[in-house]
Amino acid sequence: VTVEITDLTVTVQDAYNKFTTKNKRWTDSTTESLTPQFTARFLPAFGVRLLASVTQQQLESWLAEQDMKLDRNNPGKFTDQELSASSRNKLKGCVSTFFKWCCREGGLLPRASNPAVELIHHKEPRNLDLVESALTEQQCDDVLAYLNELSTPRTGRDGDVYSRSPHAYYIAMLAVDTGMRRGELRAITWEDVNFERGLIRTDGNKTKLVRYVPMTTRVREALLHRREAALGGPVVPSDNIRRALNS
């Protein structure tokens, strides 16, 4: 929705007052959680300035100065904890939403004059950088070797051939080499397996987004063997996944 510009002499504080009463983009809980970011950080720095005078450089400098977290138990006070890149990006998002509203629904700025359009997005550490590996590469190989032994058929004293956990190695190896979760493994069909391109299609992850996982050599060989042995059965025997991964 585009509203005709009516006043370019409004201050940031005046614009914020209108934003809090007319903004429909945020839920009540979102507004409650983000209001302290405005009242303790943004408005003390920009409240008395004319909205039309705020520049991108001023916003970038202000964001760079925000280095401490707010104290949730003491409104307006800061802790000695450093503000993370993720929190800084959320703060940038708050300000961007405010100026976008001023340019569109609020009709307080020309759209081309939005100073928050190209604010810098700070690089956030990936989860993999924050979490140590559960197993070393050698430990992982040792576990797979043990599961391979469990999966190997043996002849018992009664002459019968049996395996303590026939699918343990196969399922655990797929999980290790592809990084798929249990639900993703369970959802794979043979139509998802592209041997020609060496890819496995999956949309059984938490985000429900389709992605393609490359096969390692041993995954490819195991899937080819499984396809021949399963005779049309599932790629992964779902009733054995929990037992195999818990082995």
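Residues numbered from 1 in each chain as written. Predicted model: local features only at pLDDT ≥ 70, side-chain atom pairs only at ≥ 80, totals over all residues. Heavy atoms only, no water.

(A) Representation of the side chain of S96 within the structure. Topologically, S96 is positioned in helix α4 (residues 85–103). Here S96 falls in the buried class, since its relative accessible area comes to 18%. With residues up to four places along the chain from it excluded, the contact list for S96 reads A116 and L119. (Helix = DSSP H or I, 4+ residues; strand = E, 2+ residues; numbered from the N terminus. Buried < 20%, exposed > 50% of the residue type's maximum accessible area, 1.4 Å probe, protein only. Contact = heavy atoms within 4.5 Å.)

(B) A look at the nonpolar core. V12, F42, L51, L59, F98 and F99 are the most contacted members of the largest nonpolar core, which totals 28 residues. Elements with a minimum of two residues in this core: α1 (12–22), α2 (28–46), α3 (56–65) and α4. In terms of residue count, α4 provides more of this core than any other element does, eight residues in total. Once you skip the residues sitting within four places of it in the chain, L59 turns out to touch F42, F46, V54, V95, F99, P115, A116 and L119. In this structure, L144, L150, V219 and A222 belong to the second largest nonpolar core, which totals 23 residues. (Core = buried A, V, L, I, M, F, W, Y, C linked by side-chain atoms within 4.5 Å.)

(C) Layout of the packing of α2 against α4. For the pair α2 and α4, the least separation of the axes is 11 Å and the interaxial angle reads 90°. Judged by the inter-axis angle, α2 sits roughly perpendicular to α4. Of α4, the residues touching α2 (which contributes L34, Q37, F38, R41 and F42) are L91, C94, V95, F98 and F99. Taken together, the residues that form the contact of α2 with α4 break down as eight nonpolar, one polar and one charged. (Axes fitted to C-alpha atoms, helices over the stretch in contact; angles between N-to-C directions. Parallel < 35°, antiparallel > 145°, perpendicular 65-115°, else oblique. Nonpolar A, V, L, I, M, F, W, Y, C, P; charged D, E, K, R; others polar.)

(D) Up close: the pattern of salt bridges. A full pass over the atoms with the stated rule returns four salt bridges. Linking D177 and R218 is a salt bridge whose minimum nitrogen-to-oxygen distance equals 2.7 Å. With D177 in helix α7 (residues 168–178) and R218 in helix α9 (residues 217–230), this residue pair connects regions lying 41 residues apart in the sequence. On the basis of relative accessibility, which here comes to 32%, the residue R218 falls in the partly exposed class. For the salt bridge of D192 with R201, the shortest nitrogen-to-oxygen distance reads 3.7 Å. Its relative accessible area of 13% is what places D192 among the buried residues. Each member of the salt-bridge network shares a partner with another, and the members are D192, R201 and D203. (Salt bridge = Lys/Arg side-chain N within 4 Å of Asp/Glu carboxyl O.)

(E) Layout of the packing of aromatic side chains. This structure, assessed with the given rule, holds 13 aromatic pairs. Between F38 and F42, the aromatic rings sit 5.8 Å apart at their centres with planes inclined by 85°, giving edge-to-face as the arrangement. Residue F38 and its partner F42 are located together in helix α2, separated by four residues, close to a single helical turn. Accessibility assignment for this pair places F38 and F42 in one class, buried. When the centroid spacing of 6.1 Å and the interplanar angle of 65° are considered together, the rings of F38 and F98 count as edge-to-face. Of this pair, F38 sits in helix α2 while F98 is found in helix α4, placing the two residues 60 residues apart along the sequence. The class for F38 is buried, based on a relative accessible area of 2%. (Phe/Tyr/Trp six-rings, centres within 6.5 Å; stacked < 30°, edge-to-face > 60°.)

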